[in-house]
Number of protein chains: 2
Amino acid sequence: MAEHGMNGFVLGVDVGGTKVAAGLVDRQGKIHVQTRTPMAAVGDPAAGLRAVTSAIDLVSRRSPSEQPQGTIRAIGICCPGPLDPIAGRVINPPNLPCWRDYPLAAEVADIYHLPVKLDNDANAAALAEARWGAGRGSKNVFYATIGTGIGTGIVLEGKLYHGRTGAAGEGGHLSIDYRGPRCGCGKAGCIEAYASGPALARRTRERLASGRASKLLPLAKWRIEAVTSEMLGEAYGAGDRLAAEILEETVELLCAWLGNLVDLLDPDVIIMGGGVAVMLQPFLGKIRQQLPQWAINSRSREIPLVMAHYGADAGIAGGAALCSDVIE
Amino acid sequence: MAEHGMNGFVLGVDVGGTKVAAGLVDRQGKIHVQTRTPMAAVGDPAAGLRAVTSAIDLVSRRSPSEQPQGTIRAIGICCPGPLDPIAGRVINPPNLPCWRDYPLAAEVADIYHLPVKLDNDANAAALAEARWGAGRGSKNVFYATIGTGIGTGIVLEGKLYHGRTGAAGEGGHLSIDYRGPRCGCGKAGCIEAYASGPALARRTRERLASGRASKLLPLAKWRIEAVTSEMLGEAYGAGDRLAAEILEETVELLCAWLGNLVDLLDPDVIIMGGGVAVMLQPFLGKIRQQLPQWAINSRSREIPLVMAHYGADAGIAGGAALCSDVIE
């Protein structure tokens, strides 16, 4: 039995370019109270730190009636990379210009006298899914969040796999075509350059520009440049041929990518989250069906391909998961 | 200090389509005595087993003068896949038609009353390199043997990474072009379909068939279909333009592939072995130089890219490495 003090909470913090969210998370991964404050993305490092501490203060000093019983035992922070999870330093995220090689974990630990862990969004969310979410009970988990970018995290034997410098698990930048479209990262043919939200929109606009008819045109008020990936889901729902074509091609591209991951990692489960993954949910059966053609692993069809448990709260749960071992 | 009995040997067995090699290996990974016998690749399972046991008997019952001091404490066998390293079963290797879902490890253990481990060639060689060879002292190792095929193995925290079913680490079948040339495995654009020996020969023959002049033509006695990958090295050494072109393209293809592996695994070291890797040795500097363009990992240039320590003996060392923990 755990002693009394073990039944505490961990505080998960999700730092984004425009907001900081924080929440108290229990040992079952349940988020009890949470808050959201604006992020001082521009400005000096201290301003960025103040945004983080005000979210922490808000969520940890709520009125006693709102506060769940138990002590806060650690703080886990996730934020956009690149960062060094081992040293707890933010390196130079484009979306967080306030920090450049900044020891965020140490600064927060100094203020609250608590253990503090730091990792990137996708790694943190992968760990939350492995520990408490759609991967609960699995040893080896591959997690992907498909949205504005494609972030991935690898959990092996229940622990985040970081590699030599903490830069492992960048599956969104696995190239499936070395001569493919240029990715924002500089590489060619990364799956992010095919299947992220902006990439879906780009592929759709290219097709429209070549003169294809589509329900997407009225949706975008006949301005091709205004077409977004979200509209694809809507147009597909309304029976649009072009939208179906783009999404079906995306299924094939994702299968080529996931097949590579299966052949390398043979995971216990593949978990997909993020806005594009939600939009692709009607195609999940198709991905499961086609994946074996893209993997030499003869038992790939046994690997569950499931939707993430945490949605918008993935960052809070992820931050908390980074230090969940202290309340186990 | 290890007790007397700990200073023993492990017996490594390398089962191939036409021969079985076996050797005694000490705790430093040194191969002391070794032997080689023909493999009864065709015929019944018992004939295959007899070929293995005769190699084991030959190497373990040498005359006392030849025999190193110490006891054989375990037997490790590597053979072509697919196989199940967890259950110790050979599944259905095309090159070993004598065995179909055959419990090789259990059969050998029954005969010698010793612990027996089984794994595929590339995994076993990866472990030998990590433990005793070019990756000694590294925690996370990516190993590739580039020859008739491309076999790879992943060692994490000093142990082989097997994944859910033992089918992980098939890096040779990572596709770098989902619309690329068909691989023997059925997938498209696997690095094996670009950079294995037969793939190099195919790419060269295509260029020759389109009318390119080359020193390869006299080497192959003007029969394009007789061009082999080995001739490429020879022609390159003699200053042939086409050979240089093919090998330089191969550098780029390997960089695209290794960049993916670096972004996913961020290993401590990358080790390359096999005939094609040896032929590409003059290009090792170029690969090191170009790899950072194919990885988003900002510290990829720090990752050592080195040649394998074990050459033709990789199978014996690999087999031994599978059970080297018993003599540690």
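Residues numbered from 1 in each chain as written. Chains lettered and ligands numbered in written order. Predicted model: local features only at pLDDT ≥ 70, side-chain atom pairs only at ≥ 80, totals over all residues.

Student: Describe the interface of chain B and chain A, naming the residues involved and giving the relevant values.
Tutor: With 36 residues of chain B in contact, the opposing surface of chain A contributes 36 residues. Here the residues of the side of chain B that touches chain A sort into 16 nonpolar, eleven polar and nine charged. (Contact = placed C-beta atoms within 7 Å. Nonpolar A, V, L, I, M, F, W, Y, C, P; charged D, E, K, R; others polar.)

Student: Hey, could you go over unusual backbone geometry for me, with residue numbers and the actual values?
Tutor: The omega torsion of the bond from A:Gly81 to A:Pro82 falls at 0°, within 30 degrees of zero and hence cis. Located in the positive-phi region is A:Glu157, a residue other than glycine, with phi close to 50°. Note on placement: A:Glu157 falls in the loop between β9 (150-156) and β10 (159-160). Under the C-beta neighbour-count criterion, A:Glu157 is labelled exposed, with 11 such atoms within 10 Å. The phi angle at B:Asp101 is positive, at roughly 50°, despite the residue not being glycine. Structurally, the position occupied by B:Asp101 is in the loop between β6 (89-90) and α2 (104-112). Its 12 C-beta neighbours within 10 Å are what place B:Asp101 among the exposed residues. (Helix = DSSP H or I, 4+ residues; strand = E, 2+ residues; numbered from the N terminus. Buried ≥ 20, exposed ≤ 12 C-beta atoms within 10 Å, placed from the backbone.)

Student: A description of the sheet that holds β9(A) should follow, citing residues and the corresponding values.
Tutor: Residue and element names in this part refer to chain A. Spatially, five strands are ordered β10-β9-β8-β11-β12 in an open sheet, and the strand pairing comes out mixed. The open sheet is flanked by β10 and β12 (305-307), the only strands paired with a single partner. Inspection of the sheet shows strand β11 (residues 269-273) paired to β12 by three bridges, in the parallel sense. Note that in β12 the partner of Ile271 across the bridge is Val306. Where helix α3 (residues 121-131) meets the sheet, it contacts β8 (141-146), β9, β10 and β11, and its direction lies at approximately 45° from that of β9. (Pairing = 2+ DSSP bridges. Axes fitted to C-alpha atoms, helices over the stretch in contact; angles between N-to-C directions.)

Student: I'd like a rundown of the environment of B:Gly133, residues and numbers included.
Tutor: Residues and elements named next belong to chain B. Here Gly133 lies in the loop between α3 (121-131) and β8 (141-146). Along the sequence, Gly133 and Pro115 sit 18 residues apart, while their C-alpha atoms lie 24 Å from each other. Once residues lying within four places of it in the same chain are set aside, the contact partners of Gly133 are Gly29, Ala128, Ala308, His309 and Tyr310.

Student: Requested: an account of helix α2 (residues 104-112) of chain A, with residues and values cited.
Tutor: Residues and elements named next belong to chain A. For α2, the full list of buried residues reads Leu104, Ala105 and Val108. On an axial view of α2, the arc spanned by its buried residues comes to 95°, and they lie on one face. Residues of α2 that are buried sit in contact with α1 (45-60), β4 (72-79), β6 (89-90) and β7 (116-120). Two residues or fewer past α2, His113 is found with a positive phi of approximately 50°. (Arc of directions from axis to C-beta.)

Student: Would you mind going over the pairing of β7(A) in detail, with residue names and values included?
Tutor: Counting buried positions over the five residues of β7(A) gives five, a clear majority of the element. Of the two faces of β7(A), the one carrying A:Val116, A:Leu118 and A:Asn120 and the one carrying A:Lys117 and A:Asp119 are both buried.

Student: Provide a residue-level description of the relation of the copies chain B and chain A, including the pertinent values.
Tutor: Look at the two chain copies: a rotation about an axis and a shift along it is all it takes to match them. Mapping chain B onto chain A leaves a residual RMSD of 0.0 Å; the transformation is a rotation of 180° accompanied by 0.0 Å of translation along its axis. Such a combination of rotation and displacement between the chain copies is what one expects of a two-fold axis. For chain B, the residue whose C-alpha comes nearest the rotation axis is B:Asp177, separated from it by 1.9 Å. (Least-squares fit on C-alpha atoms with pLDDT ≥ 70 in both.)

Student: Tell me about the domain arrangement of chain A, and please be specific about residues and values.
Tutor: All names here are of chain A. Domain assignment breaks chain A into domain 1 (4-132 + 313-327) and domain 2 (141-307). Each of domain 1 and domain 2 was reduced to a C-alpha centroid, and the two centroids are 28 Å apart. The greatest single-element share of the side of domain 1 that touches domain 2, amounting to eight residues, is contributed by α3. Tallied by class, the residues present in the side of domain 1 that touches domain 2 amount to eight nonpolar, one polar and four charged. (Domains from an automatic or database assignment.)

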